[in-house]
Amino acid sequence: MGTWIINGKVNTGGNELAEKRIYIEDGVISRMEEVSSREWNGAEAGDEVIDAGGRLVAPGFIDMHTHLREPGFEHKETIATGTRSAARGGFTTIACMPNTRPVTDNPETIKLILEKARTEGNGVRVLPYGSISKQELGRELTDFAALKEAGAVAFSDDGVGVQNSKMMKDAMRLAQGLGMTVVAHCEDDSLLEGASVTEGAFAAKHGLKGIPNESEAIHVGRDILLAEATGVHYHVCHVSTEQSVRLIRQAKAVGINVTAEVCPHHLILSDEDIPGMDADWKMNPPLRTPRDVEAVLEGLEDGTIDIIVTDHAPHSPEEKAKGMALAPFGIVGFETAFPLLYTKFVQTGRWTLEFLLERMTGKPAEVFGLKQGKLEAGADADLVLVDLDRSAAVDAADFLSKSRNTPFIGWELAGWPVLTMVAGKTVWQDE
Ligand SMILES: NC(=O)N[C@@H](CC(=O)O)C(=O)O
Ligand SMILES: [Zn+2]
Ligand SMILES: [Zn+2]
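Residues numbered from 1 in each chain as written. Chains lettered and ligands numbered in written order. Predicted model: local features only at pLDDT ≥ 70, side-chain atom pairs only at ≥ 80, totals over all residues. Heavy atoms only, no water.

Going by an unreviewed UniProt entry, the protein carries the name Dihydroorotase and comes from Paenibacillus mesotrionivorans.

**Overview of the site of ligand 1**
Surrounding ligand 1, one finds 15 residues, the nearest of these being Arg-69, Asn-99, His-185, Asn-284 and Asp-311. Backbone polar atom of Gly-159 to an oxygen atom of ligand 1: 3.4 Å apart, as the coordinates give it. Residue Gly-330 places a main-chain N or O atom 3.1 Å away from an oxygen atom belonging to ligand 1. Out of a free accessible area of 310 Å², ligand 1 has 94% covered by protein chains. Taking a 2 Å distance to the grid points as the criterion, the majority of the atoms of ligand 1 fall inside the largest pocket. For the shell around ligand 1, the per-class residue count stands at three nonpolar, nine polar and three charged. (Near = heavy atom within 4 Å. Polar contact = N/O pair within 3.5 Å; in protein donor to acceptor, adjacent residues only side chain to side chain. Areas by Shrake-Rupley, 256 points an atom, 1.4 Å probe, with all protein chains shown as cover. 1 Å grid on protein atoms, 1.4 Å probe; cavity = no way out; pocket = protein on both sides within 12 Å on 5 of 7 lines; lining within 4 Å. Sits in = over half its atoms within 2 Å of the grid points. Nonpolar A, V, L, I, M, F, W, Y, C, P; charged D, E, K, R; others polar.)

**What to know about helix α7 (residues 242–253)**
Across its twelve residues, α7 extends 17 Å between first and last C-alpha, which sits within 8% of the 16 Å expected from 1.5 Å per residue. Buried residues of α7: Ser-244, Val-245, Ile-248 and Ala-251, and no others. The buried residues of α7 occupy one face: seen down the axis, they fall within an arc of 130°. Tucked into the core, α7 has its buried residues touching α6 (214–230), β13 (233–236), β14 (258–262) and α9 (290–301). (Helix = DSSP H or I, 4+ residues; strand = E, 2+ residues; numbered from the N terminus. Expected span 1.5 Å × (residues − 1). Buried < 20%, exposed > 50% of the residue type's maximum accessible area, 1.4 Å probe, protein only. Arc of directions from axis to C-beta. Contact = heavy atoms within 4.5 Å.)

**A few points about the nonpolar core**
Core analysis: the largest hydrophobic core is formed by 94 residues, its most contacted members being Tyr-234, Val-236, Leu-267, Phe-338, Leu-341, Trp-351 and Leu-356. When residues in this core are grouped by element, the largest group, seven residues, is from helix α11 (residues 337–346). Excluding residues that lie within four positions of it along the chain, Trp-351 makes contacts with Leu-267, Leu-297, Leu-300, Glu-301, Ile-308, Leu-341, Phe-345, Val-346 and Leu-356. Core analysis: the second largest hydrophobic core is formed by 16 residues, Ile-62, Tyr-129, Cys-263 and Leu-370 among them. (Core = buried A, V, L, I, M, F, W, Y, C linked by side-chain atoms within 4.5 Å.)

This is how it looks when you write it as structure tokens:
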């Protein structure tokens, strides 16, 4: 007794899109059939049949940079609401950052997140990061071996940059010894100027101080040198500047073990799109100049940047109402990521659908050594059905996330997920 998915346009995770039938047993794909191979005789007694109706069937999306806020900030999001939001966005595996309270600087908190994800996580696979430093204060390293043992997927102090170079080098050495990745939020605090937006046209127009590009790129450059010295796999968070792209491109060219990610908003929006002093347009790194947007796009397209992540960063309406200067940085991302990228880059002809899917499935799996990210016989049945033709406006009031902080309200987008499955179980379905 299993589940058939029929009439799907299936992307197997490679550069291929073909009509196939998928048969799932015990959470695993047991057969993938060419539609032409034989007449489909229908399901055996007791089989469930999902008719994809000609829609796209893709590997479930993998998001290696998210904030689920639990424990500690349950007014913004919980593991239950965050995973439900993720499932609706087509994500079947998500990695959650350590800036919870307590910080995931101890095995107990890692285990608590894994246990909550198991019981309240809507079937979505949740991979917690362990923090690099205790309380993310950058003063004392955590016990990497203990965090790995508890289930940490990699190490990061996301939310803040690791200011001290010696501490970063020690972290990389330790991670390297354990075969783990260091994932870095790159930001030099001494260059921030207390600003909320990038240095550029918007800041100038409003007489604001701006966050300079070097605040990010200096850490990228430093960390690349430290990665070269230690041999660790080093991964750069949310790349937003032309200079960072250049440094990563050079590092890859000389064989340093560096990978990088970019968020949909940094590919789509620049500071010139910010309509006014509205904190739903405030995130870290900030929206950069149009020149940076083109540079990160080119970086993704030439393989300098490996993967796309959402950096889903929910904050409550009350917090965002404090305005551009005082509100916390961050925007939600799960429920708009795929439609945004599909509409902006695939429908316009700049990318192929396969290119986009690869950056959200196969590549993240490859970069982080996960066995998900492809559809083939023997693989976990983690997948998403997407209606590429359905167009609808983004309605934040309708989000399954607890938070609504997005700059994309009202955007008319196509490519909405309609069914998400993890290990053969439907974890979300459009009514
Ligand atoms: N990206 C953001 O603007 N905010 C993130 C922190 C982070 O990713 O650095 C958050 O935790 O709110
Ligand atoms: Zn960050
Ligand atoms: Zn983040």
